[in-house]
Amino acid sequence: MSLLEIENVTLRFGGVTAVNDLSMRVEEGQVFALVGPNGAGKSTVFNLISRFYRPVSGAIRFDGTDLLALAPHEVPGLGIARTFQNIELFHQATVLQNLLVGRHRHRRTTMIEQILHLPSVRSEERAHRLAVEEVIDFLDLQPYRDSRIAGLPYGVRKVVELGRALASQPRLLLLDEPASGLSVEETQNMRWWIDDIRRQMGI
């Protein structure tokens, strides 16, 4: 069984067919690319996997789980993370705060425990910060950790969005045009990181 299985998926917007009878399989440990011109439906496929859209036909399974039976907010809990073609970050928050958002799926304490700031909350917060600091080190984001997103260059923002996805410790990482708008050097760095993410993190 493949990690991600898409079978005969079709999506239409009114009279426009955005995805037509798509089938593909992604294996564990594989780097898999969707290649095509603007408007070919690459981001739409990511939105189908993320459950932002529901296909008119077909099946999408992740490690045997029917994704079409889930709500969009349940998908990250399975271990699927993504970046976006247009960067989606909290611009008035710092790099550290944006990466901590990626830890949301790992929160186990209750609202009452958080209001009372019990030891379990403090212990969990330390674990989240440690996980985020590891991502910051991995992506060489130390100089920016306390900087607001609004003041950062575009290339750094792309890396921060990658970092937020990695902070969730996914099994499947969906990168929507990760090198678009980057310089040659930044694109090369992104290629190395993608390879290291696969080899070192097993994603």
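Residues numbered from 1 in each chain as written. Predicted model: local features only at pLDDT ≥ 70, side-chain atom pairs only at ≥ 80, totals over all residues. Heavy atoms only, no water.

*Asks:* So, the side chain of Glu 161: which residues are in play, and what are the values?
*Replies:* By the element assignment, Glu 161 lies in helix H5 (residues 154–167). In this structure, Glu 161 is in contact with Thr 83, Phe 84, Asn 86, Ile 87, Glu 88 and Leu 89, ignoring residues within four places of it in sequence. (Helix = DSSP H or I, 4+ residues; strand = E, 2+ residues; numbered from the N terminus. Contact = heavy atoms within 4.5 Å.)

*Asks:* Break down the packing of aromatic side chains for me, citing the residues and quoting the values.
*Replies:* Following the criterion strictly, the structure yields two aromatic pairs and no others. Pairing Phe 13 with Tyr 53 gives two aromatic rings, centres 5.1 Å apart and planes at 75 degrees, and the pair type is edge-to-face. On the criterion of sequence distance, the pair formed by Phe 13 in strand E1 (residues 4–13) and Tyr 53 in the loop between helix H1 (42–49) and strand E3 (57–62) is long-range, its members being 40 residues apart. Note on Phe 13: relative accessible area 41%, which makes it partly exposed. When the centroid spacing of 6.5 Å and the interplanar angle of 10 degrees are considered together, the rings of Phe 52 and Phe 84 count as stacked. Pair noted here: Phe 52 is in the loop between H1 and E3 and Phe 84 is in the loop between strand E5 (80–82) and helix H2 (95–101), with a separation of 32 residues, a long-range link. On the accessibility criterion, Phe 52 (47% relative accessible area) is partly exposed. (Phe/Tyr/Trp six-rings, centres within 6.5 Å; stacked < 30°, edge-to-face > 60°. Buried < 20%, exposed > 50% of the residue type's maximum accessible area, 1.4 Å probe, protein only.)

*Asks:* How would you summarise the pattern of salt bridges if you had to cite specific residues and measurements?
*Replies:* Enumeration over the complete set of coordinates arrives at 14 salt bridges. Put simply, Arg 25 and Glu 7 hold a salt bridge, and the shortest N to O gap is 3.2 Å. You can see Arg 25 sitting in strand E2 (residues 16–26) and its partner Glu 7 sitting in strand E1, a full 18 residues away along the chain. Here Glu 161 and Arg 164 are joined by a salt bridge, their closest N and O atoms 3.6 Å apart. Of this pair, Glu 161 and Arg 164 both sit in helix H5, three residues apart, which is roughly one turn of the helix. Taken as a pair, Glu 161 and Arg 164 share a single burial class, namely buried. (Salt bridge = Lys/Arg side-chain N within 4 Å of Asp/Glu carboxyl O.)

By themselves, these are just geometric observations and shouldn't be taken as functional.
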